[in-house]
Amino acid sequence: MRLTLDGPAGALEALLDEPVYPPGRPESADQPPRAAVVFAHPHPQQGGSMHTKAVFQGAKGLTRIGCAVLRFNFRGVGASAGTFDEGDGERADYLAALDAMTRRYPGVPLWAAGFSFGAWIALEAGALDPRVSVLIGVAPPVSRATYSFEHTLASTKPKFLIQGDLDEVCPVKDLWAFYAKLEDPKELVLIDGANHLFEGKTRDVGEALEGLLGDFE
């Protein structure tokens, strides 16, 4: 479903993926989703958008476990108004998307998710936002000095991380060092043979999210 969100710099282009329940499951369209998730895309100046394959597959994986997932284009991407703002404006865009999901699904758990640059935005914004109960980071750029994860590191909210073991942007050893500093609860899945963009492995991102969060309560 295509949506237009009210962003701080103008309209934000968005897509909402509703839960997908396989035949025979007791859940129905009449029930609220298991969680409302906002999934942020990679760096706007490096080709990232809500259509990035790993974001698309990650969102689909979350819908398969009963979540409603909102993907949106940061300011200046696609049809979204505004221009790139080095992360500050993008975090404000993300908060506007959280607001939209809170209004659409009142009382439903709110989860923050993102890929690469979007993982930085989602983890940090979600760590500070009291409405958010779960933090999800796909290939978070924790080895880049540009990005501070101080609030993520201090958060005691459940944290779920996914990364390729061949990630050239954030080497696995750096992610393990970051992971060791995170407060519990936390879980990490490494995808064999996957680089930073998960080229040829994007479906594995969705499957990993299903496996990590399928039984989470």
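Residues numbered from 1 in each chain as written. Predicted model: local features only at pLDDT ≥ 70, side-chain atom pairs only at ≥ 80, totals over all residues. Heavy atoms only, no water.

Participant: How should the overall build of the protein chain be read in this particular structure?
Facilitator: The helix and strand inventory of the protein chain stands at 6 helices and 8 strands. When the elements of the protein chain are put in sequence order from the N terminus, they spell out β-β-β-α-β-α-β-α-β-α-β-α-β-α. A compact globule built from 217 residues would reach a C-alpha radius of gyration of about 17 Å, and the protein chain, at 16 Å, matches this within 12%. Judged by the C-alpha coordinates and their principal axes, the protein chain covers about 45 × 40 × 35 Å. With 217 residues in all, the protein chain has 56% of them scored as buried. Contacts in the protein chain between residues at least 24 apart in sequence constitute 70% of all its contacts with a sequence separation of at least 6. (Helix = DSSP H or I, 4+ residues; strand = E, 2+ residues; numbered from the N terminus. Rg over C-alpha atoms; globule rule 2.2 N^0.38 Å. Buried < 20%, exposed > 50% of the residue type's maximum accessible area, 1.4 Å probe, protein only. Contact = heavy atoms within 4.5 Å.)

Participant: Please explain the layout of surface pockets as it appears in this structure.
Facilitator: In this approach, a probe sized like a water molecule rolls over the atoms, and the result shows the empty space that is left. In this model, the largest pocket occupies a volume close to 310 Å³. If you trace the largest pocket, you find 15 residues lining it, with P42, H43, Q46, S116 and H196 closest to the centre. Of the residues assigned to the lining of the largest pocket, the class counts are 6 nonpolar, 7 polar and 2 charged. (1 Å grid on protein atoms, 1.4 Å probe; cavity = no way out; pocket = protein on both sides within 12 Å on 5 of 7 lines; lining within 4 Å. Points joined across faces, edges and corners; volume = space filled by probe spheres on them. Nonpolar A, V, L, I, M, F, W, Y, C, P; charged D, E, K, R; others polar.)

Participant: Where do I start with the nonpolar core in this structure?
Facilitator: As a rule of thumb, soluble globular proteins bury nonpolar side chains together. Within the largest apolar cluster, 41 residues are counted, with the highest numbers of intra-cluster contacts made by L5, V38, L70, F72, Y94, M101 and L161. If one sorts the elements of this core by residue count, helix 3 (residues 117-128) sits on top with 7 residues. Those residues within four positions of M101 in sequence are excluded, and the remaining contacts are L16, A36, V37, V38, A68, V69, L70 and L110. Listed in part, the 27 residues of the second largest apolar core include C67, F115, I162 and V205. (Core = buried A, V, L, I, M, F, W, Y, C linked by side-chain atoms within 4.5 Å.)

Participant: Mind showing me how you'd approach the side chain of D167 here?
Facilitator: Assignment of secondary structure puts D167 in the loop between strand 7 (159-164) and helix 5 (172-181). Of the side chains bearing the opposite charge, R144 lies closest to the buried D167, which forms no salt bridge; the N-O distance is 7.5 Å. At 2.8 Å, the side chain of D167 and the backbone nitrogen of C170 are in polar contact. If we ignore the near neighbours within four places in the chain, the residues touching D167 are A139, A194, N195 and H196. (Lys, Arg positive; Asp, Glu negative; His and termini not counted. Salt bridge = Lys/Arg side-chain N within 4 Å of Asp/Glu carboxyl O. Polar contact = N/O pair within 3.5 Å; in protein donor to acceptor, adjacent residues only side chain to side chain.)

Participant: Mind showing me how you'd approach the pattern of salt bridges here?
Facilitator: Oppositely charged side chains are able to pair whenever their charged atoms sit close together. The full count for this structure, using the stated rule, is 8 salt bridges. Measuring nitrogen to oxygen at the nearest pair gives 3.8 Å for the salt bridge that ties R2 to E13. Remark: E13 occurs in strand 2 (residues 10-17) and R2 occurs in strand 1 (residues 2-7); sequence separation between them is 11 residues. Among the ionic contacts, a cluster of salt bridges with common partners joins D17, K60 and R71.

Participant: Any chance you could explain the sheet that holds strand 2 here in plain terms?
Facilitator: The pairing of strands in a sheet comes from backbone hydrogen bonds and takes either a parallel or an antiparallel form. Reading across from one edge, 1-2-4-3-5-6-7-8 is the order of the 8 strands in this open sheet, with mixed pairing throughout. The open sheet has two edge strands with one neighbour each: strand 1 and strand 8 (186-191). Neighbour to neighbour, the strand axes of the sheet diverge by 25° on average, direction disregarded. Note: strand 2 against strand 4 (residues 68-72), 4 bridges, orientation antiparallel. Of the residues in strand 4, the one forming a bridge with L15 is R71. (Pairing = 2+ DSSP bridges. Axes fitted to C-alpha atoms, helices over the stretch in contact; angles between N-to-C directions.)

Participant: Honestly, the packing of aromatic side chains in this entry has me stumped. Any pointers?
Facilitator: Pairs of aromatic rings are described using the distance from one ring centre to the other and the angle between the two planes. This structure, assessed with the given rule, holds 12 aromatic pairs. Here F72 and F74 contribute two aromatic rings whose centre-to-centre distance is 5.1 Å and whose plane-to-plane angle is 80°, an arrangement assigned as edge-to-face. By way of ring pairs, the aromatic residues F72, F74, F84, Y94, F117, W120 and Y147 are connected into one cluster. The ring of W120 carries the charged tip of R91 above its face, separated from the ring centre by 5.4 Å. (Phe/Tyr/Trp six-rings, centres within 6.5 Å; stacked < 30°, edge-to-face > 60°. Lys NZ or Arg CZ within 6 Å of the ring centre and 35° of its normal.)

Participant: Where do I start with the packing of helix 1 (residues 53-63) against helix 6 (residues 202-213) in this structure?
Facilitator: Packed helices, taken two at a time, are described by the angle between their axes plus the distance between the axes. Between helix 1 and helix 6, whose axes approach to 7 Å, the crossing angle comes to 30°. In the packing of helix 1 onto helix 6, the handedness of the crossing is right-handed. Listed contacts from helix 6 to K53, A54, Q57, G58, G61 and L62 of helix 1 are T202, R203, V205, G206, L209, E210 and L213. Here the contact of helix 1 with helix 6 is built from residues that sort into 5 nonpolar, 5 polar and 3 charged. (Left-handed = near helix turned anticlockwise from the far one by under 90°.)

Keep in mind these numbers describe shape, not what the thing actually does.
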